[in-house]
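Residue-level structural notes
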Amino acid sequence: MAQKLILASASPRRRELLAQLGLDFKVIPSGIDEAFLPSGPPELAAVRLADQKAADVALRAGEGIVIGADTIVVVDDIILGKPEDENNAREMLTRLSGRWHSVYTGIAVIDTASGRKISDYEESRVKFKKLSPREIENYLKTGEPMDKAGGYGIQGKGALLVERIEGCYYNIVGLPLFKLGFMLSHFGVEIL
Ligand SMILES: Cc1cn([C@H]2C[C@H](O)[C@@H](COP(=O)(O)OP(=O)(O)OP(=O)(O)O)O2)c(=O)[nH]c1=O
């Protein structure tokens, strides 16, 4: 590969998922504040944040192909980001209990040299089992909810909350690998 690959993320999950593809890359977390979600359709808010993260790091790095991503959970037209505190995580899990919801990951790839950018999003559908108050309290005690959109992690004990999924599993963990591979191929990054 001619150009350096840069992952604009502080998420350990995203780092592991990108490493799964066997690519050499550097990690530079973005300084984008996610407290204020852009308005409009939720999936486009995720794309906008992914764009902002990639653009911020592209500007600072001054070189390379930069990947930015943002994951949100949407249920009843309400966007669930990362919980603010335990109470907020409890509210999220209660809302998700027994229901289907959508997980959107917005993804942006910028070639710093040419300024060319592609962005897109992936949607996965997730069905939660009906949770008892005791299950919710016990899950909160695992500490898993706090740094994750929707207050759960499917890759951890959160697997026990998820009855079924439709769509890309990796998208739920934070990086839709199939879509990302397709996007990278447009920048001349051949993985297979
Ligand atoms: C739904 C779900 C989310 N998540 C995580 C993926 C993301 O890391 C996080 C959503 O937060 P994001 O704001 O998308 O990402 P981040 O703040 O962790 O990292 P950065 O902005 O630097 O890239 O939720 C899981 O790990 N498992 C899950 O099942």
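Cut-off values and rules
Residues numbered from 1 in each chain as written. Predicted model: local features only at pLDDT ≥ 70, side-chain atom pairs only at ≥ 80, totals over all residues. UniProt positions renumbered as here; feature names shortened; annotations may be inferred. Helix = DSSP H or I, 4+ residues; strand = E, 2+ residues; numbered from the N terminus. Buried ≥ 20, exposed ≤ 12 C-beta atoms within 10 Å, placed from the backbone. Pairing = 2+ DSSP bridges. Near = placed C-beta within 6 Å. Nonpolar A, V, L, I, M, F, W, Y, C, P; charged D, E, K, R; others polar.

The name that an unreviewed UniProt entry assigns to the protein is dTTP/UTP pyrophosphatase, with the source organism given as Thermosediminibacter litoriperuensis. In its Sequence similarities (unreviewed entry) section, the UniProt entry covering the protein states "Belongs to the Maf family. YhdE subfamily."

Next up on the list: unusual backbone geometry. Backbone geometry places Asp76, a non-glycine residue, at a positive phi of 55 degrees. You can see Asp76 is positioned in the loop between strand S3 (65-75) and strand S4 (78-80). Given 8 C-beta atoms within 10 Å, Asp76 falls into the exposed group. Of note in this structure, Asp77 is not a glycine but carries a positive phi near 65 degrees. Along the polypeptide, Asp77 turns up in the loop between S3 and S4.

Here the focus is the pairing of S3. The side chains of a regular strand alternate between both faces of the sheet. Burial analysis of S3 places ten of its eleven residues in the buried class, the great majority of the element. Judged from the three bridges that link them, strand S1 (residues 5-7) and S3 form a sheet pairing that is parallel. Bridging from a neighbouring strand, Leu7 pairs with Ile67 of S3. Pairing geometry for S3 and strand S5 (residues 100-111), over ten bridges, is antiparallel. Looking at the pairing, Val73 lines up with Val103 of S5. For S3 and S4, the ladder comprises three bridges, and the chain directions are antiparallel. By the bridge assignment for S4, Val75 is matched with Ile78. Here S3 hands over to S4 after two residues, with Asp76 in that stretch at a positive phi of 55 degrees.

A separate point is the site of the ligand. Not every one of the 26 residues close to the ligand is listed here, only the nearest: Ser9, Ala10, Ser11, Ile154 and Gly174. Counting residues per element, the ones that place at least two in the shell around the ligand are helix H1 (12-20), S3 and helix H5 (169-173). Element by element, the count of residues in the shell around the ligand is highest for S3, at four residues. Residues that form the shell around the ligand fall into these classes: ten nonpolar, nine polar and seven charged.

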